[in-house]
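Descriptive structure summary
Residue strings, one per chain:
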Amino acid sequence: MVFFTCNICGESVKKPAVEKHYQTKCRGKTKNVSCMDCLKDFYEEEYVAHIKCISEAQKYSNQNFVPKEPRNKNAQKQESWMDIIRAILDSSEYQLTPTLRSAFQRLQSVDNVPRKKAKFENFVGNCMRMPRQQATQVWDILEKELNKMKEAKQAELQAAKAAKEAELKQKEQEQEAPPKKKSKLESSEPAAAAAEATEETNEFDWAAQLLKLVSKQPDGIFQEKLKKKLLKKYTKHLAVEQLSEKQTKKFEKRFDKQLKKSDALQLEGDLVKSIQQDVS
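Residues numbered from 1 in each chain as written. Predicted model: local features only at pLDDT ≥ 70, side-chain atom pairs only at ≥ 80, totals over all residues. Heavy atoms only, no water.

In the nomenclature of an unreviewed UniProt entry, the protein corresponds to Zinc finger C2H2 LYAR-type domain-containing protein from the organism Drosophila navojoa.

Right, dumping it as structure tokens:
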């Protein structure tokens, strides 16, 4: 707790008792006190904002002194309470009358202010001689500001939680294995099935297509080249980009069979010729 020395009469006064001191012993005098720890002077209502001061350890230690963090939870709660009072005084929302503003300013100089309505009203009534009606008005404003701060804190926590959940979800999505990409063969299987059905209803004319390709080559065409050209036409006929393994085997078998049984074509080693071309 902060202690002051009255610069008029020299008496030591606790901070909560400064107001009473200038209403009794130094009545009629302008407030003029100095802090017993830091020796700073305060005039009129300036002392009200002097909530904390240096400790004796800090006062008599060297300039490298590092104060310890306070462990008193009540002190921390009291400081939070003072923050609410300061926020009310700084806000234009409440449109404080001079009487109410003076009441909040006086509250800043009081330690251990109760944080329950009934106890608060009794406390300010006994210690500050505050009328019951005014005490209720002060409490209502305090409670409203407290709820605002709680809601803001809750919203802040929820926003932080949502951001953390979004971050975790994004990390999980990045860590998930990408779906296996289908091979060309796998992706062509449905089309291949449809192609087989097409072939059944619209038969590929092997003999005519073979003869047409060979006839375009007066000197004949190598068997492997002929197979590639016919494969291209066969694939186009089935309306697919690539034959399935089953279709490829079927093509190979049909090609060899059609080439051997054709009366219009003849084989000379690896060369395929049209018999009509050969005769001419």
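1. Quick word on the overall build of the protein
Test applied: Helix and strand assignments follow DSSP, with helices taken as H or I runs no shorter than four residues and strands as E runs no shorter than two, numbered in order from the N terminus. For the exposure calls, accessible area comes from a 1.4 Å probe over protein chains only, and a residue counts as buried if that area is under 20% of its type's maximum, exposed if over 50%, partly exposed in between. Here, two residues are considered to be in contact whenever any of their heavy atoms come within 4.5 Å of each other. Values of accessible area rely on a 1.4 Å probe in the Shrake-Rupley scheme; residue burial ignores everything except the protein chains shown.
The secondary structure content of the protein amounts to eleven helices and seven strands. A burial count over the protein gives 29% of its 280 residues as buried. For the protein, restricting intrachain contacts to residue pairs at least 6 apart in sequence, the fraction spanning at least 24 positions comes to 55%. Entry remark: accessible area of the protein is about 19600 Å², with carbon and sulfur atoms responsible for 49%.

2. So, the environment of Lys52
Along the polypeptide, Lys52 turns up in the loop between strand E4 (41–43) and helix H2 (56–59). The class for Lys52 is exposed, based on a relative accessible area of 57%. Distance from Lys52 to Val2, taken between C-alpha atoms, is 6.5 Å for residues 50 residues apart in sequence. Sequence-distant contacts of Lys52, that is, excluding residues within four places in its chain, are made with Val2 and Glu79.

3. Describing the sheet that holds E4
Operational definition: The pairing criterion for strands is at least two bridges between them, as found by DSSP. Axis definition: a line fitted to C-alpha atoms, limited for helices to the stretch in contact. Angles are taken between N-to-C directions and run from 0 to 180 degrees.
If you walk across this open sheet you meet the four strands as E2-E1-E3-E4, and the pairing is antiparallel. Of all the strands in the sheet, the pair left with one neighbour each is strand E2 (12–14) and E4. Direction aside, neighbouring strands of the sheet carry axes that sit 40° apart on average. Relative to strand E3 (residues 32–35), strand E1 (residues 3–6) runs antiparallel, the two being bridged by three bridges. Paired with Thr5 across the bridge in E3 is Ser34.

4. A short note on helix H6 (residues 132–175)
Structural remark: α-helix, 3.6 residues per turn; residues separated by three or four positions point the same way. What counts here: Helix span, as expected, comes to 1.5 Å for every residue beyond the first.
In a regular helix each residue adds 1.5 Å, so 44 residues correspond to 64 Å; H6 covers 64 Å between its end C-alpha atoms and thus fits that length. Looking at H6, one finds that the buried residues are Gln134, Ala135, Val138, Trp139, Ile141, Leu142 and Glu145.

5. Focus on the nonpolar core
This is how the line gets drawn: Throughout, nonpolar core names a set of buried Ala, Val, Leu, Ile, Met, Phe, Trp, Tyr and Cys residues whose side chains join them through atoms within 4.5 Å.
Counting residues in each nonpolar core, the largest one holds 24 residues, and the members touching the most others are Phe104, Leu107, Val138 and Leu142. Within the residue set of this core, elements represented by two or more residues are helix H3 (73–90), helix H4 (98–107), helix H5 (117–127) and H6. Here this core gets six residues from one element, more than from any other, and that element is H3. Counting residues in each nonpolar core, the second largest holds 17 residues, with Leu210, Leu230, Phe255 and Val272 among its members.

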